[in-house]
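# Structural features, examined
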Amino acid sequence: MAADGGSSSVQLPCVFSPKSRQYLAVCAQDGRLRIWNTDSKTLHQEYVPSAHLSATCTCISWGPCRAAKEGPQRKKRKSEAAQVEGKVDLLAMGTAAGTVLIYSTVKGALHCTLDGGHSGGVNCVHWHPEDSLLYSGSDDTNIVEWDLQTGKTRSKWKADRAAVTSLCVSPDGKLLLSAGRIIKMWDLDTKEVYRKFTGHSMVVTTLCFATTRPPDSNGLYFLSGAAHDRLLSVWQVREDGKDKNSVVSFTLTDEPQHIDLVTSSSKEEAVRLAVVCKDGQLHLFEHFLNGPCKKPLSPSCTVQMSDTKESPMPIPLLAAALDADPRSVTLAYGSHLQPVMERVEINTAERHVCLTRDIKTSLSISMETTVSKVKTPLVNAKSKVLVPGLPGHQAPLKGGSQGKEKRKKDANTKEMSIAERLGEIDLSAVSSQKRAAKVEASLQTDNFAVLLVQGLESNDAEILNKVLQTRKEILIKTTVARLPLPAVLPLVEELTKRLQGHPFMAIQMLRWLKAVLTHHTSYLASLPDLVTQLGVLYHMIESRVKMFHKLTKLHGKLHLLMTQVATNDSSNVLSDVDHTAKLVYEEESSDEDEASGDEALPDDESDHWEEEEAMEEDGEERDDEDENPDGRTEPKANGDEDMEHENESEEE
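Scope of this entry: the structure provided in the associated data block. In this text, all values refer to a predicted model and were calculated from it rather than measured experimentally.

## Notes on the overall build of the protein chain
For the protein chain, the count of helices and strands is 16 helices and 28 strands. Counting the 652 residues in the protein chain, one finds 41% classified as buried. Contacts in the protein chain between residues far apart in sequence, at least 24 positions, make up 52% of those at least 6 positions apart.

## Observations regarding the pattern of salt bridges
When their charged atoms lie close together, side chains carrying opposite charge are able to pair. Evaluated as defined, the whole model comprises nine salt bridges. We note a salt bridge from K191 to E145, for which the minimum N-O separation is 3.7 Å. Placement of the pair is K191 in the loop between β15 (183–187) and β16 (192–197) and E145 in strand β11 (residues 142–147), with a sequence separation of 46 residues. Overall, the relative accessible area of 4% leaves E145 in the buried class. When the shortest N-O distance is used, the salt bridge between E342 and R357 registers 2.9 Å. Remark: R357 occurs in the loop between β28 (352–356) and α3 (359–368) and E342 occurs in strand β27 (residues 339–345); sequence separation between them is 15 residues. Using a relative accessible area of 19% as the deciding quantity, one classes E342 as buried.

## A look at a nonpolar patch on the surface
Taken together, the side chains of M547, L551, L554 and L558 present a nonpolar region at the surface, about 390 Å² in accessible area. Mapped onto the secondary structure, L554 falls in helix α13 (residues 535–582). Exposure remark for L554: the relative accessible area of 46% places this residue in the partly exposed category.

## Some thoughts on the packing of helix α7 (residues 461–468) against helix α9 (residues 488–499)
Two numbers describe how α7 lies on α9: the axes approach to 13 Å, and their chain directions differ by 85°. Viewed along their axes, α7 and α9 adopt a mutual orientation that is roughly perpendicular. Residues A461, L464, N465 and L468 of α7 lie in contact with α9, whose contacting residues are L491, E494, L495 and R498. Taken together, the residues that form the contact of α7 with α9 break down as five nonpolar, one polar and two charged.

## Here we look at the side chain of D140
Along the chain, the position of D140 falls in the loop between β10 (133–138) and β11. Despite its burial, D140 pairs with no opposite charge, the nearest such side chain being K156 at 4.7 Å. Among the polar contacts listed, one links the side chain of D140 to the backbone nitrogen of S119, at a separation of 3.0 Å. When residues no more than four places from it in sequence are discounted, the contact partners of D140 are G117, H118, S119 and G120.

## Quick word on the packing of aromatic side chains
Tallied over the entire structure, the rule returns eight aromatic pairs. Here the aromatic rings of Y47 and Y103 are separated by 5.3 Å at their centres, their planes lie at 35°, and the arrangement is tilted. Separated by 56 residues along the polypeptide, Y47 in strand β4 (residues 42–47) and Y103 in strand β7 (residues 100–104) bring together distant segments of the chain. The class of Y47 is buried, set by a relative accessible area of 16%. The structure contains a cluster of three or more aromatic residues connected by ring pairs, namely F197, F209, F222 and W235.

## So, the pairing of strand β2 (residues 23–27)
Counting buried residues in β2 gives five out of five residues, a clear majority hidden from the surface. Residues Y23, A25 and C27 line one face of β2 and the alternating positions L24 and V26 line the opposite face, and both faces are buried. Pairing analysis gives three bridges linking strand β1 (residues 14–16) to β2, with the strands arranged antiparallel. Following the sheet pairing, F16 is matched in β2 by L24.

## Structural notes on the nonpolar core
Where a protein is soluble and globular, its nonpolar side chains tend to be buried together. Counting 31 residues, the largest nonpolar core has L452, L468, L491, L495, L499, W512 and V516 as the members making the most contacts within it. Listed by contribution, the elements that provide at least two residues to this core are α6 (444–458), α7, α8 (473–481), α9, α10 (503–519) and α13. What L499 contacts, discounting residues up to four positions off in sequence, is A506, M509, L510, L513, L537, M540 and R544. Among the nonpolar cores identified, the runner-up in size contains 20 residues, and A274, L282, V303 and Y333 belong to it.

## As for unusual backbone geometry
Located in the positive-phi region is K41, a residue other than glycine, with phi close to 55°. Here K41 lies in the loop between β3 (33–37) and β4. A positive phi angle is found at T141, which is not glycine, with a value near 70°. Of note, T141 is situated in the loop between β10 and β11. The class for T141 is buried, based on a relative accessible area of 9%.

## A look at the sheet that holds strand β8 (residues 109–114)
In spatial order, the strands read β5-β6-β7-β8; together these four strands make up an open sheet with antiparallel pairing. The sheet is open, and its two borders are formed by β5 (57–62) and β8, each paired with just one other strand. Each strand axis lies, on average, 25° off the axis of its neighbour in the sheet, ignoring direction. Note that strand β6 (residues 90–95) and β7 share five bridges and pair antiparallel. If you follow G94 over to β7, its bridge partner there is V100.

## Considerations on the side chain of K184
Its location among the elements puts K184 in strand β15. Here K184 is buried and forms no salt bridge, its nearest opposite-charge partner D160 lying at an N-O distance of 4.2 Å. A distance of 2.8 Å separates a polar atom in the side chain of K184 from the backbone oxygen of A159. Excluding residues within four positions of it along the chain, K184 makes contact with A159, D160, L176, L177, S178, V193, R195 and K196.

## Topic: the state of the cysteines
Two cysteines whose sulfur atoms are joined by a covalent bond form what is called a disulfide. Summed over the entire model, instances satisfying the criterion amount to zero disulfides. Free cysteine: C59, not disulfide-bonded; nearest cysteine sulfur from C57 at 6.3 Å. Overall, the relative accessible area of 0% leaves C59 in the buried class.

## Digging into α9
Relative to the 16 Å expected for twelve residues at 1.5 Å per residue, α9 spans 16 Å between its end C-alpha atoms, a close match to the ideal helical length. Burial analysis of α9 places nine of its twelve residues in the buried class, which makes it a mostly covered element. Within the span of α9, buried status applies to V488, L489, L491, V492, E494, L495, T496, R498 and L499.

## Let's talk about the pairing of strand β21 (residues 256–262)
Most of β21 is tucked away: six of the seven residues are buried. Across six bridges, β21 lies against strand β22 (residues 271–277) in antiparallel orientation. Bridging from a neighbouring strand, P256 pairs with C277 of β22.

## A closer look at the sheet that holds strand β25 (residues 317–322)
Taken in spatial order, the three strands make up an open sheet running β25-β26-β27, and their pairing is antiparallel. Edge positions in the sheet fall to β25 and β27, since each has one partner strand and no second. With strand direction ignored, the average angle separating the axes of adjacent strands in the sheet is 20°. Bridge count for strand β26 (residues 328–334) against β27 is seven bridges, and the pairing is antiparallel.

Rules and cut-offs
- Residues numbered from 1 in each chain as written.
- Predicted model: local features only at pLDDT ≥ 70, side-chain atom pairs only at ≥ 80, totals over all residues.
- Heavy atoms only, no water.
- Helix = DSSP H or I, 4+ residues; strand = E, 2+ residues; numbered from the N terminus.
- Buried < 20%, exposed > 50% of the residue type's maximum accessible area, 1.4 Å probe, protein only.
- Contact = heavy atoms within 4.5 Å.
- Salt bridge = Lys/Arg side-chain N within 4 Å of Asp/Glu carboxyl O.
- Patch = residues over 30% accessible without salt bridge, like charges linked within 9 Å, V, L, I, M, F, W, Y side chains within 5 Å.
- Areas by Shrake-Rupley, 256 points an atom, 1.4 Å probe, with all protein chains shown as cover.
- Axes fitted to C-alpha atoms, helices over the stretch in contact; angles between N-to-C directions.
- Parallel < 35°, antiparallel > 145°, perpendicular 65-115°, else oblique.
- Nonpolar A, V, L, I, M, F, W, Y, C, P; charged D, E, K, R; others polar.
- Lys, Arg positive; Asp, Glu negative; His and termini not counted.
- Polar contact = N/O pair within 3.5 Å; in protein donor to acceptor, adjacent residues only side chain to side chain.
- Phe/Tyr/Trp six-rings, centres within 6.5 Å; stacked < 30°, edge-to-face > 60°.
- Pairing = 2+ DSSP bridges.
- Core = buried A, V, L, I, M, F, W, Y, C linked by side-chain atoms within 4.5 Å.
- Disulfide = S-S within 2.5 Å.
- Expected span 1.5 Å × (residues − 1).

So, in structure tokens, the structure goes:
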């Protein structure tokens, strides 16, 4: 059997169809279901669920190969019953929204949708081998049994306290294995627990029956693997109930991601097991299940893939399927978006096998023959290519006459790609003046408004940088005024992102933000959830305003301090100049004072003047030959001067 939904829920689902291995179902990162044909290595079908982005696919499980007359979907094709008999048809997909989608590969469309059974995301799905029943486990800890004849819930019961992460139905259709952290075996007739198995410390992600023997013969075995566990445990369902521990363990290099096995129907028949681990390696096991084995079993062969470069890099394996030939294995490797399928013969005598493949060549070959539903329309000479933009405005095109001549010559060619169209549009005709003579452009604001809308819709950083780096106020205001209303809020969000960058860029963005708030305030005020949408801008402005207030206070204090320092320096310079200019007194009539060089302080000079006056008054009464008892030089000099004046008068 192919790997079940439980094993595929660890990573992106990737499952081979049962028995013939003709198809590979992959649900990639984009949420689309792609079915690849392993024989022709081409894309067989592609289905896009309506909620492929919000409700992604979490698990995939192929339905059993059955006759065409068994489902209600076959009634319209009774004439084709013989052709469809024995082929795989239905595919179950569990989604994160709690619904189960049933896809038909024969019709190539959605068969039905099973909803209303789960309140949480679906983690695993598994088909009943005989009846038209499907089982699903969810995060809501419930197991739902779906009836595909009616498309409704047949029964529902609580499986565990934790989420149900893996399911598996026994080959006879009487027992059901479910697991979260504890593995439980249910009797499908009574919906009661038959056995419990404990031993995994993490969430169990893989459950698979290894034998087809009845449980009362002590020959029923099943495998289990858990997340972050490098062991694959084998459990035996014993008749006496003494089955608390696992009997066999298989060692792995990483946690199991995809499991495929060939069951055994007797003790003499070995179980063949192929395990693809999370690290991209394939491990092959072959073991006879006949009682416990104490030592963990290592793989008989390990397969790795690498590219053909000088420094080889590993190529991850996605899934593996065992064929009837023991040496033949079907591999799927590469990317989930474009997997490469290949049937390989492996020499199991070697313990380690490394396969080298040129994955680029394989991808190019498969892409050439891929069936695609996207058709490129043909363009004839009469068709007209419309340039996206605002109504009533045209973006300038390069060389219109030359383009018409080329279209006439190549009338049967395919439509131009988006890159070629962007190349035809002269994005630089607005700012460059050199090309103004060649291009008959309309108003610059029209081009800037068109470019701004296109840049916001496509989130093109180059276009946005070209428009938002404009510094002309008139051009900014006119562009914002011509901007359509649906583009106002995306422009504000883009400006908010750029305001958080370099301060120089923030100054430029403030001009645009001011223009937007000036022209479109009424529209922004009419939005109901404006506060939540502009919360980032509000908090950023508020934080910067708080910091500006503190910086203003600091600037004022520093300005006051620097002013006082400058005032003190200027006063010190003025006082030095005043000292040298104010302390000099000179008498023009005294020549001997200059010769003597006796320049005393102002207090001393004032004393000399008083003594001189006193000597002049007493000179007439006293005799000229009397000497000054104090012995001062200046009165003597004055007396000599008086004697000289008297001698001059006597000579006359």
